[in-house]
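# Close look at the chain arrangement
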Amino acid sequence: MSQYGALYGKWAPITAETADAYPTYGESVSLGALTKVTDAPNFTEVTADGDDRVQDSLAEFTGGTVDINFAAGTPNEAKAKIWGADITEDGEIAMGVDDEPPYGGYAFVTRMIKGNKKYFQGVFYPKLKATPQGKEYNTKLKSGATLTGDNIHMLWEAPLYGKYKVESGELATEAEAKAWVDAKLGVGAAAAAVAEGEPERDA
């Protein structure tokens, strides 16, 4: 199977986390028009050797990073929420050394193809924390402008309960995939998955 697209990315802050259930989340927000998601898990790998060969081995998830790219940038209001920064009434965002980025969950939709069959899949990271990164600002070139969006860098952890990453099964429609994303982040009504006013698309 092959993957060819990314859309409908949503982030929501963790409001409670226990050892008995997946985290619960607050109100979800879009971070912008999604271009690409790149995750990089880290594992501690150890082996037990004997008789000149590996007898046992263990690979344990120890965290990682998730980088999320956006075509047109992330609104300041959303950046303030994920970075724990200050936002003014006129839309200014101010970042300081005392900011405390909250933990949150992130989920999005991707398109898949297997043979001649096209379908949608949801991807969910239950526990992430954003960290501000440097940004490059380019001048307008004689041949035209260089268009760049934002990259949101997330530190990736396993929740106290549950798995560190979840991928859905084959979802036939975009609406089903959006509903899956919203359900993972705790949105009660499945209809909220299509409440963005975006036109329905085929896989």
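Attention in this report is confined to the structure presented alongside it. What you are looking at is a predicted structure, and each value in this text was computed from that prediction instead of being measured.

Mapping aspartate 182 onto the fold places it in helix H2 (residues 174-184). The charged side chain of aspartate 182 is buried without a salt bridge, its nearest counter-charge being lysine 10 at 4.1 Å. Here tyrosine 8 takes part through its side chain, which lies 2.8 Å from a polar atom of the side chain of aspartate 182.

Pairs of aromatic rings are described using the distance from one ring centre to the other and the angle between the two planes. Enumeration over the complete set of coordinates arrives at eight aromatic pairs. With a centroid separation of 5.8 Å and 90° between ring planes, the pair formed by tyrosine 22 and tyrosine 161 is classed as edge-to-face. With tyrosine 22 in the loop between strand E2 (7-16) and strand E3 (24-25) and tyrosine 161 in the loop between strand E11 (150-156) and strand E12 (166-167), the pair connects residues that are 139 residues apart, well separated along the chain. Under the relative-accessibility criterion, tyrosine 22 is labelled partly exposed at 32%. For tyrosine 161, a relative accessible area of 37% translates into the label partly exposed. Here tyrosine 25 and phenylalanine 124 contribute two aromatic rings whose centre-to-centre distance is 6.3 Å and whose plane-to-plane angle is 75°, an arrangement assigned as edge-to-face. Residue tyrosine 25 is found in strand E3, and its partner phenylalanine 124 is found in strand E10 (residues 117-131); the two are separated by 99 residues along the sequence. Cluster of aromatic residues (ring-pair linked, three or more members): Phe43, Phe61, Tyr125, Trp156 and Tyr164. In this structure, lysine 127 is placed above the aromatic ring of tyrosine 103, and the distance from its NZ or CZ to the ring centre is 4.6 Å.

For H2, the set of buried residues is Glu174, Ala177, Lys178, Ala179, Trp180, Val181 and Asp182. Contacts made by the buried residues of H2 are with E2, strand E9 (103-114), E10 and E12. Directly after H2, the chain includes glycine 186, whose backbone phi takes a positive value near 90°.

Structurally, leucine 155 is set in strand E11. A relative accessible area of 35% means that leucine 155 is categorised as partly exposed. Expressed as a C-alpha distance, the spacing of leucine 155 and alanine 130, which sit 25 residues apart in the sequence, is 6.2 Å.

Let us now look at the pattern of salt bridges. Close approach of charged atoms lets side chains of opposite charge pair. This structure, assessed with the given rule, holds eight salt bridges. Salt-bridge contacts for glutamate 167 lead to lysine 165; the nearest nitrogen and oxygen are separated by 3.5 Å. Lysine 178 serves as the salt-bridge partner of glutamate 174, at 2.9 Å between the closest nitrogen and oxygen. Separated by four residues within a single helix, glutamate 174 and lysine 178 lie in helix H2, roughly one turn from each other. Accessibility classification places glutamate 174 together with lysine 178 in one group, the buried group.

Reading the values: the criteria
- Residue numbers run consecutively from 1 along every chain, following the written order of its sequence.
- Per-residue local features of the predicted model are confined to residues with pLDDT of at least 70, and side-chain atom pairs are confined, for both listing and counting, to 80 or more; whole-chain, interface and lining totals are unaffected and use all residues.
- Hydrogens and water molecules were not included; the side-chain quantities draw on all heavy atoms of the structure.
- Secondary structure is summarised from DSSP: a helix means a run of H or I of at least four residues, a strand means a run of E of at least two, and numbering begins at the N terminus for each.
- Partly exposed describes any residue whose relative accessible area lies between the buried limit of under 20% and the exposed limit of over 50%, with all areas from a 1.4 Å probe on protein chains only and scaled to the type maximum.
- The positive count covers Lys and Arg only, the negative count covers Asp and Glu only, and His and the chain ends enter neither.
- Put simply, a salt bridge is a Lys or Arg side-chain nitrogen that is within 4 Å of an Asp or Glu carboxyl oxygen.
- Here a polar contact is taken to be a pair of N or O atoms separated by no more than 3.5 Å, where protein atoms must pair a possible hydrogen donor with a possible acceptor and residues adjacent in sequence count only if both atoms sit in side chains.
- Any pair of Phe, Tyr and Trp rings, taking the six-membered ring for Trp, is counted once the centres come within 6.5 Å. Such a pair is stacked with planes under 30 degrees apart, edge-to-face with planes over 60 apart, and tilted for the rest.
- Here, a charge over a ring is recorded when the distance from Lys NZ or Arg CZ to the ring centre is within 6 Å and its angle to the ring normal is within 35 degrees.
- We call two residues in contact whenever any of their non-hydrogen atoms come within 4.5 Å of each other.

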